[in-house]
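Close look at the chain arrangement
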Amino acid sequence: MCGIVGYTGKKQVDQILLDGLKTLEYRGYDSAGIAVLDNNKIKIIKKEGRVDRLIEETKISDTTGTCGIAHTRWATHGKPSDENSHPHFNHSKNFAVIHNGIIENYQSIKASLIDDGYIFSSETDSEVVAHLLERDFDGDLFNTVRNVAMQLEGAYAIAVVSTHEPDKIIAVRQETPMIIGVSQGENILASDLSAIVNHTNTFYRLDNGEMAVLTPSDTTAYNLDTGKRIVKEMLTIDWDISQAKRGGYDHFMRKEIAEQHEVIENALRGRLFDDGQVRLTELENIKDKLINARRIHLIACGTSYHAGLVGKYIIEDLLRISVETDVASEYRYRNPILTEEDVLVVISQSGETADTLAALRLAKERNAPVIGIVNSVNSSIAVECDSVIYLNAGPEIGVASTKAYISQLLVLNILALYLASIRDVKVEDITEIAKDLLSLNSLAKKLLSEDVVIKEIAEHIKDHNSCFFIGRLIDSAVALEGALKLKEISYIHAEAKEAGELKHGTLALVEKGTPIVSLMTEVSVSDKMYSNIMEVKARGGHIILLTNDQEATSELADDLIVIPKIHRYVTPVLSVIPLQLLSYYTAIIRGNDPDKPRNLAKSVTVE
Ligand code: M6R
């Protein structure tokens, strides 16, 4: 949450910072601001609201300079406002600070600064850093930033500029991401690669407890505790800028849904073969532990958690091994039964989700091997787990996760097949599963081209206050994802329920016309599901039936979505596509921006 960017070089910095903020805006859009150094002065411009408002503001201001920092905010401490926007100044306006994260001990620091006569102009935790820099300045910017950082507790990625050393940016990282892009005559820092890929494809990743000093000609990393220089491994960005652009679509979310057929290929390439053989060389280092594992824990948040729920059905069914799926924010605090005989699988698109990272660390404390199913290469989760299976889905910018979910489902299928192969579990229908996985690309492409019917259904639900999603078995897990998608971008209350649970309470909310998205792809329980749908229909519910029964007619359904019939483990990849499109079109009809839903941010780096 919050995006930060900093540049020092020879070019005019304002446009570089604003472009960087535009690409990082998905991390938070409550306010945005820049600080530019010019003639031994720092100029700060900051505005509540989207980056576009800041861009308008900069048009009427002089922001000449070649070194600066910028921030786009997801509010934690203090409401969205101009005052609470970053960068923050100290009283004498010779330091400017941007911060992503939460400084947990800010109240005691603030109290001591107020005692010392410092006046605060915002309600944020971050502003303490600016005043600490002024109070503790010892004539050396690096030493001062280091001493200040050592007083802070919590999570932070901080960047500081100062008139004392005008072409320098000092950065510190503890828990929240920071990437340093390295180039000739210019260096750049950012919360993630999308903001630096325009300038360089060489970067290093600052790890916890590390600092970096950037000047136009050099960037050096240091250990925060010792203050000693450290050598960082230089890495290369292997995707191009066009992948992080909208490419003709109105929204990133629509583009990312449309890309899903390609994403399917990328997730399967080199991992699954026609005869059902699977290869996951990524897991070689923990293969013995996987062969002997007693239990598997699938831990994640949000959409990634929903993928984990599907994974539980598949792995338990295939391997007859117990799988526990939980949300990371609960799991990390509930003292789970987790030993070295278990395997933890953390699932995360961003690889930076704070709670998921904490679950990973808990498993490491307990000596349990950890597999990460991650999209963002070199993210914190990717780096800290024992083995990582990358989704290879390319950057996902829309706050509502779509293509990453599909990739997660595929990787979980591959993981299940891999576990079966190394544990000598015979999979009777292996060739069918493999064939269906490999046919997904063309099936998804066809489904994506038939979105007219979904637009019509969106018209039917757009004015309702509530919408329910029901299903049984794997369908019940996909129903959760359908409901999350709809609520997060359309702001219609959406609730998913296992269909058999309806009459234990939720049915009371069904009235004439209430939209009920009913998933019916699980053949073994289709009779039961049929009865549940009839019960809802009898109470006036408007049935939007999503089924793989090619014979289905509109007799049961008020609206009908028919998807191809394939193996049940693979079906969620197809059944979720109409649900993603439904949420997208409903949001559009209601006039919402699906890429930037209110109150949310893409990368949840605070707990
Ligand atoms: O990056 P992660 O996969 O760890 O993110 C987890 C959730 O924050 C994320 O899936 C969130 O629920 C999405 N907004 C859902 O569309």
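Refer to the structure printed above.
Residues numbered from 1 in each chain as written. Predicted model: local features only at pLDDT ≥ 70, side-chain atom pairs only at ≥ 80, totals over all residues. Heavy atoms only, no water.

1. A few points about the site of the ligand
Spelled out, the test is: Residues are classed as near a molecule or strand on a simple rule: at least one heavy atom within 4 Å of it. In protein, a polar contact means a hydrogen-donor-capable atom and an acceptor-capable atom, both N or O and within 3.5 Å, with residues adjacent in sequence counting only if both atoms are side-chain atoms; elsewhere, any N or O pair within 3.5 Å suffices. For every accessible area listed, the method is Shrake-Rupley and the probe measures 1.4 Å; residues are considered covered only by the protein chains on display.
The ligand sits among 15 residues. The nearest are Ser304, Ser348, Ser350, Thr353 and Glu488. The backbone of Thr303 places a nitrogen or oxygen atom 3.0 Å from an oxygen atom of the ligand. Gln349 has a polar backbone atom sitting 2.7 Å from an oxygen atom of the ligand. For the ligand, whose unbound accessible area comes to 410 Å², protein coverage reaches 90%.

2. Some words on the sheet that holds strand E20 (residues 387-390)
Our working definition: In this scheme, strands are said to pair when DSSP sees at least two bridges between them. Segments assigned H or I by DSSP are reported as helices when at least four residues long, segments assigned E as strands when at least two residues long, and all are numbered from the N terminus. Lines are fitted to the C-alpha atoms to define the axes, a helix being fitted only along its stretch in contact, and any angle between axes, read from their N-to-C directions, falls within 0 to 180 degrees.
An order of E17-E16-E18-E19-E20 is seen for the five strands of this open sheet, with the pairing classed as parallel. Here the strands that pair on one side only, and so sit at the sheet edges, are strand E17 (322-327) and E20. Each adjacent strand pair in this sheet contributes to an overall mean axis angle of 20°, direction not counted. Taken together, the five bridges between strand E18 (residues 342-348) and strand E19 (residues 370-374) define a ladder with parallel strand orientation.

3. Side note on helix H2 (residues 51-59)
Note the following rule: Per-residue accessibility, obtained with a 1.4 Å probe over protein chains only, is compared with the maximum for each type, and a residue is labelled buried under 20%, exposed over 50%, and partly exposed between these values. Arc definition: it is the arc formed by the directions from the helix axis to the C-beta atoms. Working rule for contacts: check all heavy atoms of both residues, and any pair within 4.5 Å makes them a contact.
Among the residues making up H2, those that are buried are Val51, Leu54 and Thr58. Considered in projection along H2, the buried side chains sweep an arc of 55° and stay on one side of the axis. For H2, the elements touching its buried residues are helix H1 (13-24), strand E2 (31-38), strand E3 (41-48) and strand E4 (67-73).

4. Observations regarding empty space enclosed by the protein
How we decide: Lining residues are defined by having an atom within 4 Å of a point belonging to a cavity or pocket. Those points lie on a 1 Å grid over the protein atoms alone, cavities being sets where a 1.4 Å probe fits but cannot get out and pockets being open sets with protein on both sides within 12 Å along at least five of seven lines. Grid points are joined across faces, edges and corners, and a volume is the space filled by probe spheres set on the points. Each residue gets one of three labels, nonpolar for Ala, Val, Leu, Ile, Met, Phe, Trp, Tyr, Cys and Pro, charged for Asp, Glu, Lys and Arg, and polar for the others, Gly among them.
Counted according to the given criterion, the structure contains three cavities of 30 Å³ or more. Space inside the largest cavity adds up to approximately 60 Å³. Lining the largest cavity we find Cys2, Arg73, Trp74, Thr76, His77, His86, His99, Gly101, Thr124, Asp125 and Ser126. Taken together, the residues of the lining of the largest cavity break down into two nonpolar, seven polar and two charged.

5. Here we look at the environment of Asp317
Within the secondary structure, Asp317 sits in helix H9 (residues 302-319). Spatially, the C-alpha atoms of Asp317 and Tyr569 are 9.6 Å apart, while their sequence positions differ by 252 residues. Once residues lying within four places of it in the same chain are set aside, the contact partners of Asp317 are Lys312, Arg568 and Tyr569. At 3.3 Å, the side chain of Asp317 and the side chain of Arg568 are in polar contact.

6. Some details on the sheet that holds strand E8 (residues 169-174)
Reading across the sheet, the seven strands line up as E5-E6-E7-E8-E12-E13-E14 and stay open at both edges, with antiparallel pairing between neighbours. Of all the strands in the sheet, the pair left with one neighbour each is strand E5 (88-89) and strand E14 (229-230). Bridge count for strand E13 (residues 219-223) against E14 is two bridges, and the pairing is antiparallel. Following the sheet pairing, Ala221 is matched in E14 by Ile230. Relative to the sheet, helix H4 (residues 127-136) contacts E5, strand E6 (95-103) and strand E7 (154-162), its axis offset from that of E6 by approximately 135°. Along the sheet face, helix H5 (residues 141-149) touches E6, E7, E8, strand E12 (210-214) and E13 and points at about 25° away from the line of E8.

7. Details of the side chain of Arg205
Tracing the backbone through its elements, the reader meets Arg205 in strand E11 (residues 202-205). There is a polar contact of 2.2 Å between the side chain of Arg205 and the side chain of Asp207. Setting aside chain neighbours within four positions, we find Arg205 in contact with Arg173, Met178, Ile179, Glu210, Lys232, Asn378, Ser379, Ser380 and Val383.

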